[in-house]
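A structural walkthrough
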Amino acid sequence: MTDESSSPAEPVTGAAATGDTPVSPAKPRRRLRLLLSVAAVVLVFDIITKVLAVRLLTPGQPVSIIGDTVTWTLVRNSGAAFSMATGYTWVLTLVATGVVFGIIWMGRRLVSPWWALGLGMILGGALGNLVDRFFRSPGPLRGHVVDFLSIGWWPVFNVADPAVVGGAILLVALSLFGFDFDTVGRRQPTGAEDEVGRRQPTGAEDEVGRRQPTGAEDEVGRRQPDPEPGEG
C-alpha cells in the first residue's frame, strides 16, 4: 500500500504560487470603473476651469490672488506640463495619446485601488491637455494648452498638470513600497521563498540547502553498490 505522506506534493499554481490572495474576476472591473471615474472628474474640472479662464482673463494681465506670489495669469502653452518642451507640440500630442491607450489597456487588469487612483489622475490630466491639443488653435495636434495659475517662480499651469504629476508620484511610491497594480496589497513572497525572499529548501534538501542522499546513497552521499547477481 502506498504511503500518501511520502508521495510528491503537487505543484502549486495560480494565486497561491505567487503568494497573493485570489482575486475575484469582478474586482478588475470595479477598479477600472474607479480609474475612469477619477479620470472623468479631473477631465471635467480641467475643461471647466480652462473655459472660465479664457472667458474671464486677459492674456498679459495677471489678476492677484495673494499679492504677486499667486496670480491668475492666462497663457497659451505649446509645451508639456509646466511649459516644458515647447516647440514639440505634435510629438507631445502623440506621446499623450499613447499614454491614454496604455492606461486603458492596463486598467483591465487592475486590482489595487491606489493604482486605479493614480492612473485615473494621469489619464484625466492627459485627456484634459489632449482636448486642447486637438481642438484649440493653431490646429489639431498643434493646439496650445490653456494655463492660468501662477505660483511664485513656478511656471504657469492648469488643473491637468498637477493631476498628471501627482498621479505619477503616487505610482512611483506604490512601486517602491511593493504595491503592484495586479495585487490587493503589498507583494508577498512566494511559497518557495521565505520572508526575505530566499528560496526554501526542497524535500531533497536539508535546512541549509544541501541535497539529501537518495535511497541508493548512504548518509554521506556515496552511492551504494548495486546488488550482486543472485542476491536479494
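Residues numbered from 1 in each chain as written. Predicted model: local features only at pLDDT ≥ 70, side-chain atom pairs only at ≥ 80, totals over all residues. Heavy atoms only, no water.

Under an unreviewed UniProt entry, the name given to the protein chain is Lipoprotein signal peptidase, and the organism recorded is Mycolicibacterium iranicum. What UniProt records for the protein chain under Catalytic activity (unreviewed entry) is the sentence "Release of signal peptides from bacterial membrane prolipoproteins. Hydrolyzes -Xaa-Yaa-Zaa-|-(S,diacylglyceryl)Cys-, in which Xaa is hydrophobic (preferably Leu), and Yaa (Ala or Ser) and Zaa (Gly or Ala) have small, neutral side chains." Per its UniProt entry, the protein chain bears the Subcellular location (unreviewed entry) comment "Cell membrane". (UniProt positions renumbered as here; feature names shortened; annotations may be inferred.)

1. What about the environment of Ala163?
Relative to the helices and strands, Ala163 is located in helix α5 (residues 160–176). Judged by its relative accessible area of 8%, Ala163 falls in the buried class. For Ala163 and Asp46, which are 117 residues apart along the polypeptide, the C-alpha to C-alpha distance reads 9.6 Å. (Helix = DSSP H or I, 4+ residues; strand = E, 2+ residues; numbered from the N terminus. Buried < 20%, exposed > 50% of the residue type's maximum accessible area, 1.4 Å probe, protein only.)

2. Details of helix α2 (residues 26–56)
Here α2 contains 31 residues, and its C-alpha end-to-end distance of 45 Å stays within 8% of the 45 Å for a straight helix at 1.5 Å per residue. Those residues of α2 lying buried are Lys27, Pro28, Arg31, Leu35, Val38, Ala39, Val42, Asp46, Thr49, Lys50 and Ala53. (Expected span 1.5 Å × (residues − 1).)

3. Overview of the UniProt feature "transmembrane region" (unreviewed entry) in the protein chain
Summarizing the sequence annotation, UniProt attributes the feature "transmembrane region" (unreviewed entry) to residues 34–53, 87–107, 114–131 and 151–179 in the numbering used throughout. Note that residues 114–131 is 100% helix and 0% strand, and that its end C-alpha atoms are spaced 26 Å apart.

4. Some words on the packing of helix α4 (residues 113–135) against α5
Contact geometry of α4 with α5 gives a least axis separation of 8 Å together with a crossing angle of 155°. In terms of orientation, α4 and α5 fall into the roughly antiparallel class. With respect to the hand of their crossing, α4 and α5 are arranged in left-handed fashion. Seen from α4, the contacting residues are Trp114, Trp115, Leu117, Gly118, Leu119, Met121, Ile122, Gly125, Ala126 and Asn129; seen from α5, they are Ala160, Asp161, Ala163, Val164, Gly166, Gly167, Ala168, Leu170, Leu171, Leu174 and Ser175. (Axes fitted to C-alpha atoms, helices over the stretch in contact; angles between N-to-C directions. Parallel < 35°, antiparallel > 145°, perpendicular 65-115°, else oblique. Left-handed = near helix turned anticlockwise from the far one by under 90°. Contact = heavy atoms within 4.5 Å.)

5. Examining the sheet that holds strand β1 (residues 63–66)
Strand order across the open sheet formed by three strands is β1-β2-β3, with antiparallel pairing between neighbours. Lying at the two open borders of the sheet, with one neighbouring strand each, are β1 and β3 (145–151). On average, each strand axis in the sheet is tilted by 35° relative to the strand beside it, whichever way the strands run. As defined by bridge partners, strand β2 (residues 70–77) adjoins β3 across six bridges and the pair is classed as antiparallel. Bridge pairing in β3 places Thr71 opposite Ser150. (Pairing = 2+ DSSP bridges.)

6. Focus on the pattern of salt bridges
Counted under the stated rule, the structure contains three salt bridges. Between Lys50 and Asp132 there is a salt bridge whose closest N-O contact spans 3.0 Å. Here Lys50 is found in helix α2, whereas its partner Asp132 is found in helix α4, with 82 residues between them in sequence. With respect to burial, Lys50 and Asp132 carry one shared label: buried. Ionic pairing is found between Arg136 and Asp132, a salt bridge with its closest N-O pair at 2.8 Å. Judged by its relative accessible area of 2%, Asp132 falls in the buried class. One connected set of salt bridges, linked through shared partners, spans Asp46, Lys50, Asp132 and Arg136. (Salt bridge = Lys/Arg side-chain N within 4 Å of Asp/Glu carboxyl O.)

7. Considering unusual backbone geometry
Cis peptide bonds are those with omega within 30 degrees of zero, and the linkage from Ser137 to Pro138 qualifies with 10°. In this structure, Pro138 sits in the loop between α4 and β3.

8. Thoughts on the environment of Ala53
Within the fold, Ala53 resides in helix α2. If sequence neighbours within four positions are ignored, Ala53 has contacts with Leu74, Val146 and Phe148.

9. Considering the UniProt feature "active site" (unreviewed entry) in the protein chain
Under the UniProt annotation, the feature "active site" (unreviewed entry) is placed at Asp147 and Asp161. Note that Asp147 resides in strand β3. Of note is the side chain of Asp147, whose polar atom sits 3.3 Å from the side chain of Asn77. Mapped onto the elements, Asp161 comes out in helix α5. A relative accessible area of 2% places Asp161 in the buried class. (Polar contact = N/O pair within 3.5 Å; in protein donor to acceptor, adjacent residues only side chain to side chain.)

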